[in-house]
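# Coordinate inspection notes
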Amino acid sequence: MAERPEVVNAVALTHPERIYWPRERVSKRELVAYYDLVAPWILPHVLGRPISMVRCPGGIGELATGAREGRTRIDPCFFHKHPGEDFPGPFERVTIVESAGPTEYLTITEAGSLTALAQMGVLEIHVWGSTWPDIERPDLLVFDLDPDAQITWRELANAARLCREVLGALGLKSFVKTTGGKGLHVVAPVAPSAGWEDVSEFCRRVAEIIVEAAPDRFTATMSKAKRTGKIYVDHVRNNRGATSIAPYSTRARDRAPVAVPLRWKELSGRVRPDTYTLKNLPLRLRGLKGDPWDGYAEAGRAQTARTAISRLPKP
DNA sequence: GCTGAGA
DNA sequence: TCTCAGCAACGCTCG
DNA sequence: CGAGCG
Ligand SMILES: [Mn+2]
Ligand SMILES: [Mn+2]
């Protein structure tokens, strides 16, 4: 008799034993279980947001230590923004106009969406800074702190604290998360108000304020050459169509790291940007007293970019 | 992971 | 029936 | 404008 396929959240899994992370021998089945477990944590941060995906249907590859920094080797992973109808699952498909014309994006609607993503080899979930259908007015500001190799953890943590201070002075409550890579994200949820142009300009100004505070430690210029020994304050996540790694998303890197919301106080402890993984995050979640991002939803209703913009010093 | 062309 | 090649982003910023 | 970047 024919083998009955495993089904999770009404999504049928093909090749559940497929290894996605070879070094840790993490399978598709384990990825499905991970997202099912963290669904209550991740869903508030991804529901309704257009997503871009990093897919590695055959796994991340044997020698994949860094993201995909390997050179000669062909990258087994690829970005996917506009999956067609051959990408099944309980999603809402939304049409968004880009430079080349109307295109279709997926949005996550339920835990089954996460199962379907895992089935399709999606190892990273990247989200827009706005939510369907109000996609022209951002509801999430992201400051991506990218440290050069010689930057210490203390310096990185201090950068995040400074970012928090600058935002706080403009009336914005902010939150910090690890990325699962080398850096941190400082994010501010906002009620939709201003459009992308005003919001991206505001975020650029915030980055410039941070750089002015300590030009020897920070840069707001993207080129790697100008980052030597510094922390790049990447504000370009706040442009229409740009994305950032979703909280609780796995990363397509060795060890199966995950992006994790932290309490600010944790920056003084043992945590590092790549501390948490698909394997050890469940233990952290079980031990938590409450959401490390307590007050996040409330902040996202109470504060707006428009008000913060009005508090910027005159240029 | 999926599709379609070709053996 | 099977195997395998092709496919799967986009837009800003810098120089 | 092309290259680099995420
Ligand atoms: Mn980063
Ligand atoms: Mn970055």
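Residues numbered from 1 in each chain as written. Chains lettered and ligands numbered in written order. Predicted model: local features only at pLDDT ≥ 70, side-chain atom pairs only at ≥ 80, totals over all residues. Heavy atoms only, no water.

## As for the overall build of chain A
- A tally of helices and strands in chain A yields seven helices and 16 strands.
- A compact globule built from 315 residues would reach a C-alpha radius of gyration of about 20 Å, and chain A, at 19 Å, matches this within 12%.
- Each of the three principal axes of chain A carries a C-alpha extent, and together these read 75 × 45 × 40 Å.
- Relative to its 315 residues, chain A shows a buried fraction of 54%.
- In chain A, the share of contacts with a sequence separation of at least 24, taken over all contacts with a separation of at least 6, comes to 72%.
- Looking at chain A, you have 44 positive and 37 negative side-chain charges, and the mean spots of the two groups are 5 Å apart. (Helix = DSSP H or I, 4+ residues; strand = E, 2+ residues; numbered from the N terminus. Rg over C-alpha atoms; globule rule 2.2 N^0.38 Å. Buried < 20%, exposed > 50% of the residue type's maximum accessible area, 1.4 Å probe, protein only. Contact = heavy atoms within 4.5 Å. Lys, Arg positive; Asp, Glu negative; His and termini not counted. Charge placed at Lys NZ, Arg CZ, Asp CG, Glu CD.)

## As for the protein's contact with DNA strand D
- Neighbouring residues of DNA strand D: M222, K224, R227, D234 and R237.
- Here DNA strand D approaches the protein such that, of its atoms within 4 Å, sugar and phosphate make up 92%.
- For DNA strand D, a phosphate oxygen lies 3.4 Å from a polar atom in the side chain of K224.
- Residue R227 places a side-chain N or O atom 2.7 Å away from a phosphate oxygen belonging to DNA strand D.
- When the residues that make up the surface near DNA strand D are grouped by side-chain class, the tally is one nonpolar, no polar and four charged. (Near = heavy atom within 4 Å. Polar contact = N/O pair within 3.5 Å; in protein donor to acceptor, adjacent residues only side chain to side chain. Nonpolar A, V, L, I, M, F, W, Y, C, P; charged D, E, K, R; others polar.)

## With respect to the coordination of the manganese ion (ligand 2)
- For the manganese ion (ligand 2), the full set of protein donor atoms is D144 (OD), D146 (OD) and D234 (OD), at a range of 2.1 to 2.3 Å.
- Donor residues for the manganese ion (ligand 2), ordered by position in the chain, follow D-x1-D-x87-D.
- The distance between the manganese ion (ligand 2) and the manganese ion (ligand 1) is 3.6 Å, with D144 acting as a donor to both metals. In this pair, D146 sits in strand β10 (residues 140-147) while D234 sits in strand β14 (residues 231-234), placing the two residues 88 residues apart along the sequence.
- On the accessibility criterion, D234 (6% relative accessible area) is buried. (Donors = N, O, S within 2.8 Å, 3.2 Å for Na, K, Ca; no water.)

## Description of the domain arrangement of chain A
- Per the domain assignment, the segments of chain A are domain 1 (6-127 + 248-260) and domain 2 (140-239 + 299-310).
- Its C-alpha centre places domain 1 at a distance of 26 Å from the equivalent point of domain 2.
- At the interface, eight residues of domain 1 touch eight residues of domain 2.
- For the pairing of domain 1 and domain 2, the buried interface totals around 580 Å² over both sides, and the portion due to carbon and sulfur atoms is 45%.
- Summed over the shared surface of domain 1 and domain 2, the number is zero salt bridges.
- Counting every contact that joins domain 1 to domain 2 gives two residue pairs in polar contact (both at pLDDT 80 or more).
- Here the side of domain 1 that touches domain 2 is composed, by residue class, of four nonpolar, no polar and four charged. (Domains from an automatic or database assignment. Buried area = accessible area lost by both parts, 1.4 Å probe. Salt bridge = Lys/Arg side-chain N within 4 Å of Asp/Glu carboxyl O.)

## Topic: the protein's contact with DNA strand B
- In the region of DNA strand B, the neighbouring residues are T14, R18, K28, R55, P57, D86, Q119 and M120.
- The sugar and phosphate moieties of DNA strand B supply 87% of its atoms located within 4 Å of the protein.
- A distance of 2.8 Å separates a phosphate oxygen of DNA strand B from a polar atom in the side chain of R18.
- Between DNA strand B and P57 there is a distance of 3.2 Å, counted from a phosphate oxygen to a backbone nitrogen or oxygen.

## Brief notes about empty space enclosed by the protein
- Counting across every chain of the model gives one cavity of 30 Å³ or more.
- Approximately 50 Å³ is the volume found for the largest cavity.
- Along its surface, the largest cavity is lined by V127, W128, G129, L140, V142, R237, N238, A242, T243 and S244.
- Across the lining of the largest cavity, the residue classes break down as five nonpolar, four polar and one charged. (1 Å grid on protein atoms, 1.4 Å probe; cavity = no way out; pocket = protein on both sides within 12 Å on 5 of 7 lines; lining within 4 Å. Points joined across faces, edges and corners; volume = space filled by probe spheres on them.)

## Overview of the pattern of salt bridges
- Under the defined criterion, the tally for this structure stands at 16 salt bridges.
- A salt bridge links K279 to E30; the shortest N-O distance between them is 2.8 Å. With K279 in the loop between β16 (261-262) and α5 (281-287) and E30 in helix α1 (residues 28-46), this pair connects stretches of sequence that are 249 residues apart.
- Linking R284 and E266 is a salt bridge whose minimum nitrogen-to-oxygen distance equals 2.7 Å. In this pair, R284 sits in helix α5 while E266 sits in the loop between β16 and α5, placing the two residues 18 residues apart along the sequence.
- Accessibility expressed as a relative area gives 9% for R284, which makes it buried.
- A residue is classified by how much of its surface remains accessible, and E266, at 21% relative accessible area, is partly exposed.

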